[in-house]
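Observations on the three-dimensional arrangement
What follows is each chain in one-letter form.
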Amino acid sequence: MSAHRPLRGPHPPPAARRAVARLRRAAAALAALTCALLASAAIVPAASATIPIAPGGSDVPPATVPVFVGGMAGWQITLIAVGAALVAATAAVVLDRARSARRSAPAT
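An account of the accompanying structure is given in this report.

1. Examining the overall build of the protein chain
- Summing up its helical and strand segments, the protein chain has two helices and zero strands in all.
- Counting over 108 residues, the protein chain shows a buried share of 0%.
- In the form shown here, the protein chain has an accessible surface area of approximately 10,200 Å², with 70% of it arising from carbon and sulfur atoms.

Structure (structure tokens):
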């Protein structure tokens, strides 16, 4: 009642699997390098953005006027963090259920 299925059908050849594995490793290395560069750019100290004093000028930098006074309230920061955590948790559950449903689907 059931027919024997040959193994050559949907499985890629070993050379293709190795090529895909190499490509996946290269993409992971590139992503790690990109994240490292972005992280190093994010931690550059604010002192690197100073205003140079003209030669012969005074040693006192010019007075600056703050453009933005205040800030975000603590409850707003907490609300944003909780919302982001809920969105991430929901996405993780949906993706996990989709992956488990795909794995448990019978092969036809």
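On we go.
2. Looking at a positive patch on the surface
- A contiguous patch of positive charge on the surface is contributed by R17, R18, R22, R24 and R25.
- On the basis of relative accessible area, R17 is assigned to the partly exposed category, the value being 46%.

3. Quick word on a nonpolar patch on the surface
- On the surface, L30, L33 and L37 cluster together into a nonpolar patch covering about 320 Å² of accessible area.
- By the secondary structure assignment, L33 is in helix α1 (residues 14-42).

Conventions adopted
Residues numbered from 1 in each chain as written. Predicted model: local features only at pLDDT ≥ 70, side-chain atom pairs only at ≥ 80, totals over all residues. Heavy atoms only, no water. Helix = DSSP H or I, 4+ residues; strand = E, 2+ residues; numbered from the N terminus. Buried < 20%, exposed > 50% of the residue type's maximum accessible area, 1.4 Å probe, protein only. Areas by Shrake-Rupley, 256 points an atom, 1.4 Å probe, with all protein chains shown as cover. Patch = residues over 30% accessible without salt bridge, like charges linked within 9 Å, V, L, I, M, F, W, Y side chains within 5 Å. Salt bridge = Lys/Arg side-chain N within 4 Å of Asp/Glu carboxyl O. Lys, Arg positive; Asp, Glu negative; His and termini not counted. Charge placed at Lys NZ, Arg CZ, Asp CG, Glu CD.

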